[in-house]
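Chains, contacts and geometry: an overview
Here is what each chain is made of, one letter per residue.
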Amino acid sequence: MIDEILLEAETKMEGAVHHARDEFSTIRTGRASAAMFNRVMVDYYGAPTQLTQVASIGIPEPRMVIVKPFDMSQIDAVERAIRDSDLGLNPANEGSQLRINLPHMTEERRREMVKLVKSKGEDSKVAVRNVRRKAKDEIGKLVKDKEASEDEGHSAEKELDDLTARYVSQVDDVMQAKENELLEI
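Treat the numbers as computed from the prediction; the structure is a model and nothing was measured. (Residues numbered from 1 in each chain as written. Predicted model: local features only at pLDDT ≥ 70, side-chain atom pairs only at ≥ 80, totals over all residues. Heavy atoms only, no water.)

Moving on to the layout of surface pockets. Sizing a probe to match a water molecule and rolling it over the atoms shows the empty space that remains. Taken as a whole, the largest pocket holds about 250 Å³ of empty space. In terms of lining, the largest pocket is formed by twelve residues, of which the most central are Thr26, Ile27, Asp86, Leu87 and Leu116. Classifying every residue of the lining of the largest pocket gives six nonpolar, one polar and five charged. (1 Å grid on protein atoms, 1.4 Å probe; cavity = no way out; pocket = protein on both sides within 12 Å on 5 of 7 lines; lining within 4 Å. Points joined across faces, edges and corners; volume = space filled by probe spheres on them. Nonpolar A, V, L, I, M, F, W, Y, C, P; charged D, E, K, R; others polar.)

The next point concerns the packing of aromatic side chains. Note on aromatic pairs: each is described by the distance of the centres and the angle between the planes. Overall, the coordinates contain one aromatic pair when judged by the stated rule. Taking the centre distance of 5.0 Å and the plane angle of 70° together, the rings of Tyr44 and Tyr45 count as edge-to-face. Relative accessible area serves as the criterion here: at 56%, Tyr45 is assigned to the exposed category. (Phe/Tyr/Trp six-rings, centres within 6.5 Å; stacked < 30°, edge-to-face > 60°. Buried < 20%, exposed > 50% of the residue type's maximum accessible area, 1.4 Å probe, protein only.)

If you check UniProt for "coiled-coil region" (unreviewed entry), the listed places come out as residues 132-166 in our numbering. Regarding residues 132-166, the helix share stands at 86% and the strand share at 0%, and the terminal C-alpha atoms are separated by 12 Å. (UniProt positions renumbered as here; feature names shortened; annotations may be inferred. Helix = DSSP H or I, 4+ residues; strand = E, 2+ residues; numbered from the N terminus.)

Grouped together as the largest cluster of nonpolar side chains are 20 residues, with contacts concentrated most on Phe37, Leu51, Val67, Val78, Ile82, Leu89 and Ile100. Considering each element in turn, this core owes the most residues, five residues, to helix H3 (residues 75-84). Those residues in contact with Val78 that sit more than four places away from it in its chain are Val42, Leu51, Val54, Val67, Pro69 and Leu98. Of all hydrophobic cores here, the second largest spans 19 residues; its members include Ile2, Ala16, Val128 and Val168. (Core = buried A, V, L, I, M, F, W, Y, C linked by side-chain atoms within 4.5 Å. Contact = heavy atoms within 4.5 Å.)

This paragraph deals with the pairing of strand E4 (residues 64-69). Residues in a regular strand project their side chains so that they alternate between the two faces of the sheet. Most of E4 sits out of view: five of its six residues are buried. The antiparallel hairpin formed by strand E3 (residues 55-61) and E4 contains two residues in its connecting segment. As paired strands, E4 and strand E6 (residues 98-101) are joined by four bridges and run antiparallel to one another. Directly across from Met64, in E6, lies its bridge partner Asn101. (Pairing = 2+ DSSP bridges.)

Here we come to the pairing of strand E2 (residues 47-50). In this structure, strand E1 (residues 41-44) lies alongside E2, joined through four bridges in antiparallel fashion. Within E2, the residue paired with Tyr44 across the bridge is Ala47. What sits between E1 and E2 in their antiparallel hairpin is a turn of two residues, with Tyr45 showing a positive phi close to 55°.

This part covers the packing of helix H4 (residues 107-144) against helix H5 (residues 150-183). Contact geometry for H4 and H5: axes closest at 10 Å, N-to-C directions at 170°. In terms of orientation, H4 and H5 fall into the roughly antiparallel class. Partitioned by chemical class, the residues of the contact of H4 with H5 number 15 nonpolar, four polar and 14 charged. (Axes fitted to C-alpha atoms, helices over the stretch in contact; angles between N-to-C directions. Parallel < 35°, antiparallel > 145°, perpendicular 65-115°, else oblique.)

Side chains that differ in charge, positive against negative, can pair when their charged atoms come close. Going through the model one piece at a time under the given rule, you end up with 14 salt bridges. A salt bridge links Arg132 to Asp161, with the nearest nitrogen and oxygen atoms 2.8 Å apart. Residue Arg132 is located in helix H4, and its partner Asp161 is located in helix H5; the two are separated by 29 residues in the primary sequence. Exposure remark for Arg132: the relative accessible area of 22% places this residue in the partly exposed category. Judged by its relative accessible area of 34%, Asp161 falls in the partly exposed class. (Salt bridge = Lys/Arg side-chain N within 4 Å of Asp/Glu carboxyl O.)

For H4, with 38 residues, the first-to-last C-alpha span of 55 Å sits near the 56 Å given by 1.5 Å per residue. Directly beyond the C-terminal end of H4, a positive phi value near 65° is found at Lys146. (Expected span 1.5 Å × (residues − 1).)

We now examine the environment of Glu181. Along the chain, Glu181 falls in helix H5. Classification of Glu181 by relative accessible area gives partly exposed; the value is 27%. In this structure, the C-alpha to C-alpha distance between Glu181 and Arg31, residues 150 residues apart in sequence, is 9.3 Å.

Here it is as structure tokens:
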């Protein structure tokens, strides 16, 4: 029973780290990345749809993105979705594709992005700690109900603490890598 609790906690902590990586991939740096567009939603025939499902995204140069809708009748909807997104980009409509030149990020904008990274990283660490707290409560309940010995409970809590430290460290590493990417000129 304790092993199942620890395994479930580890799985949820891995999910929190994976979520942090996904969150960080959508934050714009000075370089073009298709992942920047993961959260852009297009009004595709009345249904909100991810941009990546209605168009191909190419990166021909480090600071240029080419977006080609699969359905050319939706090019205006794709252009509108990119323009209205929180990315702050202005696509140029070339008829069959959209060309997006990424402007240089100012030092002030880079600092804002670093603050956003730290905030999202802290949210992920809180999620890991919440998983730890829930698992610790479940282990404590097993010990209280005499379904596990106190020694088993203490060793499981120690293992849970080690897991928590490992996953918090992974979030810190991912967060530091994104900060370095943002601050490099």
